[in-house]
Amino acid sequence: MRHARRRVVRRVTRLAAVGGLLLGGTMVTNAVASEPAAPSIGVPFTAPPATGEGTDLVSRLGNSRTAGSWVDPAGRPVVAVTDEKAAAEVKRAGARAKMVSHSMSDLKSAAATLRSAPRVSGTSWALDYKSNRVVVRGDSTVSASDWSRMTEVAQGIGSFVRMERTEGTFTTRVNGAQPILSTAGRCSAGFNVTDGKSDFILTAGHCGPDGSVWFTDDRGREQVGTSLRGSFPGDDYSLVKYDGGRAGKGADVVAVGDGKGVRITGVADAEVGQKIFRSGSTSGLREGEVTALNATVNYPEGTVSGLIETNVCAEPGDSGGPMFADGVALGLTSGGSGDCKAGGTTFFQPVTKALTELGVKLIVAKSAGGTGAAPAPSASQDPASPGSSAPITGTDVSTLLSRLTDPRNVGPGMLVIAGSLVALVATRWIRAEQDRKAYRQYYSATWS
């Protein structure tokens, strides 16, 4: 089922005051969308990738005969192949074949060698299917000596490993947002999910350790929920369990600014070349393209692998926010470099893996047939759209949520660790005092 294609409003607005609690785009607790009246519960994999054809061909032909796939500007799948027989099979399937020198096995072996080398904070690498290379990047914090050592490792692998320096620093995007706050930091939320008994916010794992208590205000008066079952580093996802147990109306909608929302109808794996959108509580709705997959980033806090690399921008506070296209959930904002003035690189945790590892399902909008999530639309020559729109009304928004839009509730970030907040949540914390102090020390530097 194809969603109606809509023009994307280029004017980007902030999401902090659209009549409900907007956590990086997700409407939580009691925010209301005009339709559908009741969301349905999707299965962990409710939609295929943007086309699926290229991915299926790669899977069928194997890692020794292919080197990934992507979507070209015309929406046609392209498959990198290493032999003529594979190329012929790709063409018979209706896709375009590109002959390359290095197989997926070669690319993955190179990435494994880089992972086994001494870790250097401020570096990343990803599999660039289009160029048939592994691209290694080093930010401004990487010393000349460390970069030289990594270059030696790359040269030992082969000429298909490309070394690039990048401006800025690779950081997680945790501080600076208004929506949810705790002693662990500030973040946006991605998508609403459920295990069938309780509802949760799916967000980034680096936003806070298990046991972090989240609030809508910086004085700790309005509690949202508690973090649990997170994974960071290694992966970058976690759940925030709603205190009331349920996400409420509008759980299937992500906000995109101007009182507008996008209904989420399914979940899929991202494809290289796919046009995507990211919504965050700091920088609003932004668009870009998937540039690489299976990215590894060495953040100061630890290494995360299996990420989606994109050229969409993000800023502090956008962490955990949703990445999607045509109403299909794809990723959670992890981190990156740059900002939305100069541009940059942003990495995302794939939603599919998070759902599988956590054993939860996405809360999605009902399809036209009322049977659950709608499939993702096929790629085409038309520009990608965020998805089917849903006006957001504030008629039934609770008093708790409306307080978020009151400027008096938005204070300096450091107030979140004020004594009143600590006293309020002291009985909820299980973490050792040493761990808690470590988080305070780290985030106090970024909040200032």
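Residues numbered from 1 in each chain as written. Predicted model: local features only at pLDDT ≥ 70, side-chain atom pairs only at ≥ 80, totals over all residues. Heavy atoms only, no water.

- Naming follows an unreviewed UniProt entry, where the chain appears as Serine protease of Streptomyces hawaiiensis.
- Of the comments in the UniProt record for the chain, the one headed Sequence similarities (unreviewed entry) reads "Belongs to the peptidase S1 family." (UniProt positions renumbered as here; feature names shortened; annotations may be inferred.)

**A short note on the environment of cysteine 313**
Phase 1: Looking at where cysteine 313 falls in the secondary structure, it is placed in the loop between strand E24 (302-310) and strand E25 (322-325).
Phase 2: On the basis of relative accessible area, cysteine 313 is assigned to the buried category, the value being 10%.
Phase 3: Residues in contact with cysteine 313, not counting those within four places in the same chain, are Arg278, Arg286, Asp339, Cys340 and Thr346. (Helix = DSSP H or I, 4+ residues; strand = E, 2+ residues; numbered from the N terminus. Buried < 20%, exposed > 50% of the residue type's maximum accessible area, 1.4 Å probe, protein only. Contact = heavy atoms within 4.5 Å.)

**Observations regarding the state of the cysteines**
Phase 1: Taken as a whole, this structure holds 2 disulfides when the rule is applied.
Phase 2: The disulfide partner of cysteine 187 is cysteine 207, and the S-S distance across this bridge is 1.9 Å. Measuring handedness by torsion sign, the sulfur bridge of cysteine 187 and cysteine 207 sits at about -90° and is left-handed. Of this pair, cysteine 187 sits in strand E13 (residues 185-187) while cysteine 207 sits in the loop between strand E15 (199-203) and strand E16 (213-215), and the two are 20 residues apart along the sequence. The two residues cysteine 187 and cysteine 207 agree in class, both being buried.
Phase 3: Here cysteine 313 is linked by a disulfide to cysteine 340, with a sulfur-sulfur distance of 2.0 Å. Around the S-S axis, the bridge from cysteine 313 to cysteine 340 shows a dihedral of about 95° and counts as right-handed. Highlighted residues: cysteine 313 in the loop between E24 and E25 and cysteine 340 in the loop between strand E26 (328-339) and strand E27 (343-350), separated in sequence by 27 residues. Cysteine 340 carries the same exposure label as cysteine 313, and that label is buried. (Disulfide = S-S within 2.5 Å.)

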